[in-house]
Amino acid sequence: MYTEKVMDHFMHPRNVGEIENASGVGTVGNAKCGDIMRIYLDIDENQVVRDAKFKTFGCGAAIATSSMATEMIIGKTIQEALEVTNKAVMEALGGLPPVKVHCSLLAEQAVHAALWDYAQKNGITIEGLKPPVNDVDELDEDEE
Ligand code: FES
């Protein structure tokens, strides 16, 4: 039921860990399943994501999407990173079973929360970035 890519990123997740003195940190959870994800971003002076790491206390789909999401945003500008949606991450993984689609929202929203943190720390506004949610369950209805 999972694609090979999902299994690969679940079994061998990329970019697991923490970044010390990160430019931005974002944590989100899903109250329904109790899973939590934290993303750390290192953003350089040109507003390019130099590095991204994650810690996920969650299911396999959440781990695979965090791994893929970090891979997809490294090297991108903050504006481009904002455009890496959960749908784009799922596509890159070759899809997720319908009941696991909500798990991919954790990665997207954790990236947004980390970008928000970065913007707050630097007194800037990132166009199109909304204040982060703590619980992605609140967004679920729009996405399903
Ligand atoms: Fe909770 Fe997948 S079941 S994130």
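Everything below is about the structure printed above this text.
Here is a short report on the structure shown in this document. On a predicted model such as this, the values are computed, not experimentally measured, just so you know.

Re a nonpolar patch on the surface
On the surface, M7, F10 and M11 cluster together into a nonpolar patch covering about 280 Å² of accessible area. Among the secondary structure elements, M7 is positioned in helix α1 (residues 4–11). For M7, a relative accessible area of 34% puts it in the partly exposed group.

A few points about the sheet that holds strand β2 (residues 35–43)
What the three strands build is an open sheet, ordered β1-β2-β3; its pairing is antiparallel. Unpaired on one side and paired on the other, β1 (24–30) and β3 (49–57) mark the two borders of the sheet. Each neighbouring strand pair of the sheet contributes to a mean axis angle of 15°, computed without reference to strand direction. As judged from the seven bridges shared by β1 and β2, these two strands associate in the antiparallel manner. The residue of β2 that forms the bridge with V28 is M37. Across the sheet, helix α2 (residues 60–73) lies against β2 and β3, angled at about 175° from β3, the strand it touches most. Running over the sheet, helix α5 (residues 101–122) touches β1 and β2 and is turned about 145° from β1.

Here we look at the pattern of salt bridges
In the structure shown here, the tally under the stated rule is six salt bridges. One salt bridge connects K121 with D117, and the closest N-O pair in it is separated by 3.0 Å. Taken together, the positions of K121 and D117, both in helix α5 and four residues apart, correspond to about one turn of that helix.

So, the pairing of β3
As paired elements, β2 and β3 share eight bridges and run antiparallel to each other. Looking at the pairing, Y40 lines up with K53 of β3. The antiparallel pairing of β2 with β3 creates a hairpin that spans five residues between the two strands, and Q47 there sits at a positive phi of about 60°.

Description of the nonpolar core
Counting 43 residues, the largest nonpolar core has I39, L41, L115 and I126 as its most contacted members. When contributions to this core are tallied by element, the ones reaching two or more residues are β2, β3, α2, α3 (78–82), α4 (86–92) and α5. At twelve residues, the largest contribution of residues to this core is made by α5. Beyond its immediate sequence surroundings of up to four residues, L115 is in contact with L41, I43, I78, A81, L82, I126 and L129.

A word on the side chain of D135
Relative to the helices and strands, D135 resides in the loop between α5 and α6 (140–143). Salt bridges are absent for the buried D135, whose nearest opposite-charge side chain, K32, sits at 8.6 Å. At a separation of 2.9 Å, a polar atom in the side chain of D135 contacts the main-chain amide nitrogen of D137. Sequence-distant contacts of D135, that is, excluding residues within four places in its chain, are made with G29, N30 and A31.

Definitions and limits used
- Residues numbered from 1 in each chain as written.
- Predicted model: local features only at pLDDT ≥ 70, side-chain atom pairs only at ≥ 80, totals over all residues.
- Heavy atoms only, no water.
- Patch = residues over 30% accessible without salt bridge, like charges linked within 9 Å, V, L, I, M, F, W, Y side chains within 5 Å.
- Areas by Shrake-Rupley, 256 points an atom, 1.4 Å probe, with all protein chains shown as cover.
- Salt bridge = Lys/Arg side-chain N within 4 Å of Asp/Glu carboxyl O.
- Helix = DSSP H or I, 4+ residues; strand = E, 2+ residues; numbered from the N terminus.
- Buried < 20%, exposed > 50% of the residue type's maximum accessible area, 1.4 Å probe, protein only.
- Pairing = 2+ DSSP bridges.
- Axes fitted to C-alpha atoms, helices over the stretch in contact; angles between N-to-C directions.
- Contact = heavy atoms within 4.5 Å.
- Core = buried A, V, L, I, M, F, W, Y, C linked by side-chain atoms within 4.5 Å.
- Lys, Arg positive; Asp, Glu negative; His and termini not counted.
- Polar contact = N/O pair within 3.5 Å; in protein donor to acceptor, adjacent residues only side chain to side chain.

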